[in-house]
Amino acid sequence: MDLLWFLPKKKVGLVLGGGVARGIAHVGVLKVLQEHNIPIDLVVGTSSGSLIGAVYASGLDVSLIEQIVTRIRWNDFFKFTLFRPGWSSAEAIEEFIIRYVGDVKFSDLKIPFAAVATDLRTGGRVVLREGRVAKAVSASACFPGFFSPVDYESRHLVDGGIAGNVAVDTARALGATYVIASDVVPAKTRSIPADPMMMLGRSLDLILIKLAAEELGRADAVIELEMEEDLWHLDLNKARKFITAGEVSAHRQINKIRKALRA
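Every residue gets a number counted from 1 within its own chain, in the order that chain's sequence is written. Predicted model: local features are reported for residues with pLDDT of at least 70 only, side-chain atom pairs are reported and counted for 80 or more only, and whole-chain, interface and lining totals are derived from all residues. To obtain the side-chain values, all non-hydrogen atoms of the structure were used and water was disregarded.

**Brief notes about the packing of helix α4 (residues 91-101) against helix α5 (residues 133-140)**
Cut-off, in case you're wondering: Lines fitted to C-alpha atoms define the axes here, with helix axes fitted over just the stretch in contact, and angles between the N-to-C directions of these axes take values from 0 to 180 degrees. Secondary structure follows DSSP: runs of H or I at least 4 residues long count as helices, runs of E at least 2 residues long count as strands, and numbering of each begins at the N terminus. Roughly parallel covers angles under 35 degrees, roughly antiparallel covers those over 145, roughly perpendicular covers 65 to 115, and oblique covers all other angles. Helix crossings fall into two classes, left-handed where the near helix is turned counterclockwise from the far one by less than a right angle and right-handed where it is turned clockwise. Any pair of residues with heavy atoms lying within 4.5 Å of one another is described as a contacting pair. Any residue that is not Ala, Val, Leu, Ile, Met, Phe, Trp, Tyr, Cys, Pro, Asp, Glu, Lys or Arg is counted as polar, Gly included; the first ten are nonpolar and the last four charged.
One way to put it is that α4 packs onto α5 with a least axis distance of 8 Å and a crossing angle of 135°. On the basis of the axis angle, α4 is oblique to α5. Between α4 and α5 lies a crossing of right-handed hand. Touching Ile93, Glu94, Ile97 and Ile98 of α4 are Ala134, Lys135, Val137 and Ser138, all from α5. Class assignment of the residues belonging to the contact of α4 with α5 gives a composition of five nonpolar, one polar and two charged.

Structural data, given as structure tokens:
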């Protein structure tokens, strides 16, 4: 008799990392996890991972999330602002979340969810789990310079990737006993960046990779994004390719995950 069946059920935490447009690849990961009936007990998202994570935690079907991300364009996130430290107000991110899941509170979500942001003054990680989901996600995905910081309970918050791009430790702290981490920052590229924005983006990737390495090592399963071609931070028009890359990457780990969870 297999005595493993009598062990306590694992509490599965899904951690979705940041990566600007490449966060769309998380949808491919979600498709594979759903296809194999992998139970998700809590979700932790950072930056673009918090956008996908919040919509998923609201209970929206993955097929509908896929339809949404294939229609996203950058003007959905642009709300010009004057005399503030950012080209766009983070309210544009709030409006995006409200458009698809409503102006809900964390307590309204179907799956427990946390968004990770960074305190601009201290550089510390801020885990947001209460109040309005749209406000929290806007703070988590508030890329410095492009978006103005979000004022949140007397703190100035920016993109969570600075303090924890793939927040495995946060999922553990929230009670996860089995952590699946989806990292959409590719470890390698196949070509040298062709313009200044790509070069800046790749340099940021390399910093994030080094910062996240130790924490990723504490995940039980890591789904690392690998792509047949280089797709960059701003390639929202290539959503289908991101989703496919996410599916392929998830399939590489799915047998390990199923075995661990008896799924």
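Past the structure itself, the notes keep going.
**Observations concerning the side chain of Ser140**
Where we set the bar: With a 1.4 Å probe rolled over the protein chains alone, any residue whose accessible area is under 20% of its type maximum counts as buried; one over 50% counts as exposed, and the rest are partly exposed. Under the rule applied, a polar contact is a pair of N or O atoms within 3.5 Å (in protein, one hydrogen donor and one hydrogen acceptor; residues adjacent in sequence only if both atoms are side-chain atoms).
With respect to the helices and strands, Ser140 occurs in helix α5. Accessibility expressed as a relative area gives 0% for Ser140, which makes it buried. Of the polar contacts made by the side chain of Ser140, one reaches the backbone nitrogen of Ser47; its length is 2.9 Å. Reaching out from Ser140, the side chain makes a polar contact with the side chain of Ser50 at a distance of 3.2 Å. Setting aside residues up to four positions removed in sequence, Ser140 forms contacts with Gly45, Thr46, Ser47, Ser50, Ala115, Val116, Ala117, Asp159 and Gly160.

**Considerations on the pattern of salt bridges**
Stated formally: Salt bridge, as used here: a side-chain nitrogen of Lys or Arg that lies within 4 Å of a carboxyl oxygen of Asp or Glu.
What the rule picks out here adds up to 14 salt bridges. Of the charged contacts, one joins Glu66 and Lys31 as a salt bridge, the two residues approaching to 3.3 Å between their closest N and O atoms. Linking Glu66 in helix α3 (residues 62-69) with Lys31 in helix α1 (residues 25-35), this pair joins segments that are 35 residues apart in sequence. Residue classification places Lys31 among the partly exposed residues on the basis of a relative accessible area of 25%. Here Glu66 and Arg240 are joined by a salt bridge, their closest N and O atoms 3.2 Å apart. Taken together, the residues Glu66 in helix α3 and Arg240 in helix α9 (residues 239-261) connect sequence positions 174 residues apart. The class of Arg240 is exposed, set by a relative accessible area of 51%. Where salt bridges share partners, they join Lys31, Glu66, Arg240 and Glu247 into one cluster.

**What to know about α9**
Threshold: Bending is quantified residue by residue as the angle between axes fitted to the seven-residue window ending at that residue and the seven-residue window starting at it.
A bend of about 45° at Gln253 is the largest found in α9. Those residues of α9 not exposed but buried are Ala239, Phe242, Ile243, Ala245, Gly246, Ser249, Ala250, Gln253, Ile254, Ile257 and Leu261. Buried residues in α9 make contact with β1 (12-16), α1, α3, β9 (178-183) and β10 (221-224). Positive phi appears at Arg262, one or two residues downstream of α9, with a value of about 55°.

**Some details on empty space enclosed by the protein**
Gaps between atoms show up when a probe of the same size as a water molecule is rolled over them. Operational definition: Buried and open spaces are told apart on a 1 Å grid over the protein atoms alone, a cavity being a set of points where a 1.4 Å probe fits but cannot get out and a pocket being an open set with protein on both sides within 12 Å along at least five of seven lines. Residues with an atom within 4 Å of a point are the lining residues. Grid points are joined across faces, edges and corners, and a volume is the space filled by probe spheres set on the points.
Tallied over the entire structure, the rule returns one cavity of 30 Å³ or more. Taken as a whole, the largest cavity spans an internal volume of roughly 30 Å³. Elements that contribute at least two residues to the lining of the largest cavity include exactly α1, β9, β10 and α9. Of the residues assigned to the lining of the largest cavity, the class counts are five nonpolar, three polar and two charged.

**Some remarks on unusual backbone geometry**
Phi at Val20 takes a positive value of approximately 55°, unusual for a residue other than glycine. Take Val20: it is sitting in the loop between β1 and α1. Of note, the phi angle at Ser154 is positive, near 70°, even though the residue is not glycine. For Ser154, the location among the structural elements is in the loop between β7 (150-152) and β8 (155-159).

**Looking at the environment of Asp195**
In this fold, Asp195 is placed in the loop between β9 and α8 (196-216). A residue is classified by how much of its surface remains accessible, and Asp195, at 32% relative accessible area, is partly exposed. At 3.0 Å, the side chain of Asp195 and the backbone nitrogen of Met197 are in polar contact.

**What to know about a nonpolar patch on the surface**
Applied cut-off: Residues form patches when they are more than 30% accessible in relative terms and have no salt bridge. Like charges link within 9 Å. Nonpolar side chains (Val, Leu, Ile, Met, Phe, Trp, Tyr) link within 5 Å. The protein chains shown are the only cover counted for residues, whose accessible areas, like all others here, come from Shrake-Rupley with a 1.4 Å probe.
Judged by side-chain polarity, Met197, Leu200 and Leu234 come together as a nonpolar surface patch covering roughly 330 Å² of accessible area. As for its position among the elements, Met197 is in helix α8. Met197 sits in the exposed class, given a relative accessible area of 54%.

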